Amino acid sequence: MFTIKNLSMIYDMDTDEKMYALKGFDLSLPDRGLIGIIGPSGSGKSTLMYCLSTLKKPTDGSVCYNGTELTTITDAERELIRRREFGFVFQKHYLVPYMSALDNVMVAAVNNDATTQEKAKTFLAELGLGDREIGKRPTKLSGGQCQRASIARAMINDPKVLFADEPTASLDHENAFNVMRILKEYSADRLVLVVTHDRSILGDADRIIEMWDGEISRDGGTL
Amino acid sequence: MKSNLSAWKYVKNNRRSVATMISALALSFAVIYIVHVILMTSVEGFKPMLLEYPKKVGYFSLSEKTLEKSKVKGAENGDVQEKVQVILDTLSAKEGVEDITWAQVLQAKYQAVIGMWMEEFPLFTSTEEIERYLKHTGAKLVKGRLPEADGEVVIASMVMKNQKLEIGDWFSKDNFGETFRIVGEVESDSMVSAGMPNHHYNCGTYYVIQYNEANGNLGEFFTEMGVEIGAGDTVYDLPAHRERFREDCELLIANIVNAISAVVMFFVAVTMLIAYVSFLRNRVNEYCLYVSIGYRRWEVYGMMMREMFIIFGIGFLIGAVLALPSALLLKETVLEPAGIVSVAWYPGMIAKLGAIMLLILGLLQIPVLVSIRKIKTIDEIED
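Residues numbered from 1 in each chain as written. Chains lettered and ligands numbered in written order. Predicted model: local features only at pLDDT ≥ 70, side-chain atom pairs only at ≥ 80, totals over all residues.

Okay, helix α8 (residues 218-225) of chain B next. All names here are of chain B. Burial in α8 covers these residues: Leu218, Phe221 and Phe222. Summarising the axial view, the buried residues of α8 lie within an arc of 95°, below the 170-degree limit, and thus occupy one face. Seen from the buried face of α8, the exposed residues on the opposite side, beyond 90 degrees, are Glu220, Thr223 and Glu224. Tucked inside the fold, the buried residues of α8 contact β1 (57-61), α4 (80-93) and β9 (234-236). (Buried ≥ 20, exposed ≤ 12 C-beta atoms within 10 Å, placed from the backbone. Helix = DSSP H or I, 4+ residues; strand = E, 2+ residues; numbered from the N terminus. Arc of directions from axis to C-beta. Contact = placed C-beta atoms within 7 Å.)

A word on helix α12 (residues 347-363) of chain B. Residue and element names in this part refer to chain B. In this model α12 runs 24 Å from its N-terminal to its C-terminal C-alpha over 17 residues, within 8% of the 24 Å that 1.5 Å per residue would give. Turning to α12, its buried residues are Leu353, Met357 and Ile360. One side of α12 carries all its buried residues, which in axial view fall inside an arc of 55°. In α12, the exposed positions angled more than 90 degrees off the buried face are occupied by Pro347, Gly348, Ala351, Ala355, Leu359 and Gly362. Elements that come into contact with the buried residues of α12 comprise α2 (15-52), α9 (238-282) and α11 (297-335). (Expected span 1.5 Å × (residues − 1).)

Moving on: the nonpolar core. Membership of the largest hydrophobic core comes to 167 residues, with the highest contact counts inside it found for Val105, Leu124, Ala152 and Leu193 of chain A. Per-element accounting of this core gives the leading share, 15 residues, to α2 of chain B. Among the domains, domain 1 (7-44 + 246-382) and domain 2 (52-237) of chain B are the pair contributing at least three residues each to this core. (Core = buried A, V, L, I, M, F, W, Y, C linked by C-beta atoms within 7 Å. Domains from an automatic or database assignment.)

Another aspect to go through is the domain arrangement of chain B. With domains assigned, chain B is organised as domain 1 (7-44 + 246-382) and domain 2 (52-237). Contacts between domain 1 of chain B and domain 2 of chain B engage seven residues on the former and seven residues on the latter.

This part takes up the sheet that holds strand β5 (residues 68-69) of chain A. Residue and element names in this part refer to chain A. Taking strand neighbours across the sheet as the criterion, the four strands line up as β2-β1-β4-β5 in an open arrangement whose pairing is antiparallel. Only two strands of the sheet have a single neighbouring strand rather than two, namely β2 (19-29) and β5. Bridge count for strand β1 (residues 2-11) against strand β4 (residues 60-65) is five bridges, and the pairing is antiparallel. Bridge pairing in β4 links Ile4 to Val63. (Pairing = 2+ DSSP bridges.)

A separate point is unusual backbone geometry. Phi at Tyr94 of chain A is positive, roughly 50°, even though this residue is not glycine. With respect to the helices and strands, Tyr94 of chain A occurs in the loop between β6 (86-89) and α3 (101-106). The phi dihedral of Ser172 of chain B falls on the positive side, at around 50°, and the residue is not glycine. Note on placement: Ser172 of chain B falls in the loop between α6 (157-162) and α7 (173-176).

Contacts between chain B and chain A engage 20 residues on the former and 23 residues on the latter. At the level of secondary structure, the elements contributing two or more residues to the side of chain B that touches chain A comprise α1 (7-13), α10 (284-292) and α14 (378-382) of chain B. If you tally residues by element for the side of chain B that touches chain A, the top one is α10 of chain B, at four residues. Of the residues that constitute the side of chain B that touches chain A, the class distribution is seven nonpolar, seven polar and six charged. (Nonpolar A, V, L, I, M, F, W, Y, C, P; charged D, E, K, R; others polar.)

This part is about the packing of helix α6 (residues 143-155) of chain A against helix α7 (residues 173-186) of chain A. Residue and element names in this part refer to chain A. Remark: α6 packs on α7, axes separated minimally by 10 Å, with the N-to-C direction vectors making an angle of 10°. Put simply, α6 runs roughly parallel to α7. Mapping the contact onto sequence places Gly144, Gln147, Arg148, Ile151 and Met155 in α6 and Asn175, Val179, Ile182 and Tyr186 in α7. A per-class count over the contact of α6 with α7 returns five nonpolar, three polar and one charged. (Axes fitted to C-alpha atoms, helices over the stretch in contact; angles between N-to-C directions. Parallel < 35°, antiparallel > 145°, perpendicular 65-115°, else oblique.)

As structure tokens, then:
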């Protein structure tokens, strides 16, 4: 699904002290499966995820997604791919504070019909948010419930790739493992990329890519 | 692809902040409208005297100096008396001129919220003349009787109400003492009053011409006749009154209303700007999320604009709903009983306030466009 060649990302390009977030490496990612990208803070794992998801434009190299070169397409095309084919779970849930959990899921939906609404409710129910919770605003939900609502938001358009950046960072152990279980199930027929520094949550990962100082230090193993 | 960014969600779910903005707009609208209605009483009250009355009655008085130097057509070399006679004969012969009388006049005072007007009315020497004059001006005696003796007057209803006069009262007692007695009340669309002289006091003597509107331009008539009107002459005709109405009433009041509107709306605009910038700041993460998950910036902009249109639209409607009944209530319970002519319905002002709101909406584009340009994606926030 993704073919990455010589990918590099340099911050502070215009200054003397250039910072290499990604140091030019190649990588291939399949169409499906749960892939963990692991590494300490500053290792470049989040930058890699953002380059793959078109949120960041790499300084050099190529990112080919299903035959489309993501580094050369227009902003509009990048936005379209993000909207239609990618789903995002960020470190924080970024739920819109004045909307209910259900509305927060629907805001990302490509369609706003009754079927999609039902689908959103089903996702939320599967993620443990019942009828009572889906009408509540984020401030009335726990951190775990908010993060699960954000996962439902990421899934609503049936994305081909789901990017999750530290999806369990704000969760307790139980909630963290629940979220990972959901992502694992979801990865049966699509690609789920999970960026984390917490090895313990990647027990079910199909592949783990370890990063260190902007480079891939280990690729392919599982825990 | 359909955008799911709904403006109603923000409006529905942020009732307190939205209500604050709507209230600010609606109250400003209502306050400006009410102030406009109050100030416009000066225009509405002076209209009958300055626009309607001169369509039916004109006054003039020419000085000897003017008549001596003027080459009056038909009496170029005549003396003053001959010239006056030619002028009066020519004027009388005009179609639509019913009567010309050399008469003393009094002045009826009408006090508006801002300013006042002293309207001349003639003092005829017989009841028959008064009857003819009232008939010509379309005035009807609604209370009391017509003047029959010296010093008796009939006064326009609106002036009676405005000056808190009753039949039997002395007219303009402050100026003339106990010399003019009110014996009747007349009603017309041009605040007509009339009376009989008391041989002691008056406000000058003029030729009083009862004409139709087509003859209302006495200035033009005198020019045609070769009369060179100078500083010592008096010509109260339709154009002169119209000019005074335009300059002393319409423009003056319009300027005052505009100044008040500008000041109020300036503060509303600044308040809205500050409030809106604060709202935008509180919603930075929301906008960043939208762009991050693939919404176009113009879709976010569209949502913001729809929100603003809803807020301003509701503000406008509530403002109108507040303003119109309040203006009507003010007219019925305060202004009209005080004898102040007023109008509660000014569609032009409503349109103007709508335009001002659109202008403020336009001003708010500045922070919106700046925010749209500054929207980051979530990776940038987390960096």
